[in-house]
Amino acid sequence: MPKLRNLTRISGFEPRGSHKESFTLFVIPHAGGSATGYLSLVSAFPEDWRILAAELPGRGATAGQQPCATVEEAASRLLPVVLGEDPGPYAVLGHSMGALVAYELTRELELRGRPPTLLAVSASPAPHLAGRSGRFHGPTSDEQLREFLREAGGTPQEAFEEPELMKYLVDILRMDLTMMSRYDRGVEKVSRTPIAAYFGEFDTLAGRDVILPWSMYSERSVTFRSWPAGHFYPFEHPLTFAAQLAHDVDTAAEKPSSARTARG
């Protein structure tokens, strides 16, 4: 299995051999999440892929750093790290809040002539809906945020029984949901990168109705895939999720057409 190594604001999972010979996947976690939470998915991806999971400021290995105030700031903090990796061919995957950061990051990478092969957005409303839907920034009290974590899933039951750990998770979640509530992006400028949009059919936070509008956000292809699960479906279906992403990466690399398409 790939080994874990630490970078500045990035935790990396190295494949066998040189990363120059492999494909790199940058992963940006969900609100309240951390890079190490995605370790369980690593073995599902192709062995020659290098998986680099972003550790946004204010949590995990970066707990002492000043948190980001906006989604755009989070993308700007990750930009030099991604460029500094000199990854060769790569894709960007963002889950939930991470999808919005991934979208903003991809636009910045495009402006610098270093676009990814694919932008994969998971369990997130389209940008113009994210800050307005109210699904991610209603609760504010500790108790409401604990209930939010419980209903969304993805948090081990043991965490709810540890007051200090739960306080830590709630504080990070409040910070991230506040960041999302400030996000206001229209469809005035779209990505030039193919987009793959993924979601869980039973996700009450980011279901089909707010996922399908991602079809407006790329000049290239926009494809869709769902799983019979909730908000954290990748952890329930890691093998099919990783296989679909690998397939979509291969398709995007093989078809550099400018035509826009969308499929259910």
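Throughout what follows, the structure given in this document is the object of discussion. (Residues numbered from 1 in each chain as written. Predicted model: local features only at pLDDT ≥ 70, side-chain atom pairs only at ≥ 80, totals over all residues. Heavy atoms only, no water.)

### Section: the overall build of the chain
Of regular secondary structure, the chain possesses nine helices and nine strands. Counting all 264 residues of the chain, 53% fall into the buried class. Long-range pairs, those at least 24 residues apart, make up 79% of the contacts in the chain between residues at least 6 apart in sequence. With an accessible surface of roughly 11400 Å², the chain has 53% of that area assigned to carbon and sulfur atoms. (Helix = DSSP H or I, 4+ residues; strand = E, 2+ residues; numbered from the N terminus. Buried < 20%, exposed > 50% of the residue type's maximum accessible area, 1.4 Å probe, protein only. Contact = heavy atoms within 4.5 Å. Areas by Shrake-Rupley, 256 points an atom, 1.4 Å probe, with all protein chains shown as cover.)

### Regarding the packing of helix α1 (residues 71–85) against helix α2 (residues 97–111)
Between α1 and α2, the least distance of the axes is 8 Å, while the angle of their chain directions is 55 degrees. Between α1 and α2, the angle falls in the class oblique. The way α1 lies across α2 gives a crossing that is right-handed. Facing α1, whose interface residues are V71, E72, A74, A75, L78, L79, V82 and L83, α2 presents L100, V101, E104, L105, E108 and L109. Of the residues in the contact of α1 with α2, the class split is 11 nonpolar, no polar and three charged. (Axes fitted to C-alpha atoms, helices over the stretch in contact; angles between N-to-C directions. Parallel < 35°, antiparallel > 145°, perpendicular 65-115°, else oblique. Left-handed = near helix turned anticlockwise from the far one by under 90°. Nonpolar A, V, L, I, M, F, W, Y, C, P; charged D, E, K, R; others polar.)

### Structural notes on the pattern of salt bridges
Scanning the entire structure with this criterion turns up eight salt bridges. When the shortest N-O distance is used, the salt bridge between R50 and E85 registers 2.7 Å. Taken as a pair, R50 in strand β4 (residues 49–54) and E85 in helix α1 lie far apart in primary sequence, 35 residues in all. Take R50: its relative accessible area is 0%, and that puts it in the buried class. Across the pair D171 and R174 runs a salt bridge, and its minimum N-O distance is 3.4 Å. Remark: R174 and D171 occur in helix α6 (residues 163–181); sequence separation between them is three residues, near one turn of the helix. Take D171: its relative accessible area is 33%, and that puts it in the partly exposed class. (Salt bridge = Lys/Arg side-chain N within 4 Å of Asp/Glu carboxyl O.)

### Some points on the environment of L56
Along the chain, the position of L56 falls in the loop between β4 and α1. By relative accessible area, which is 3% here, L56 ends up buried. The spatial distance from the C-alpha of L56 to the C-alpha of P67 is 7.7 Å, given a sequence separation of 11 residues. Other than its neighbours up to four places away in sequence, L56 contacts T62, A74, L78 and M97.

### Some thoughts on the packing of helix α4 (residues 142–152) against α6
Closest axis-to-axis distance for the α4/α6 pair is 10 Å, and the angle between their directions is 90 degrees. Of the possible angle classes, the one that applies to α4 and α6 is roughly perpendicular. Where α4 approaches α6, its residues D142, L145, R146, F148 and L149 are matched on the opposing element by M166, K167, L169, V170, L173, R174 and L177. In terms of residue class, the contact of α4 with α6 is made up of eight nonpolar, no polar and four charged.

Bear in mind that shape data such as this cannot, by itself, settle questions of function.
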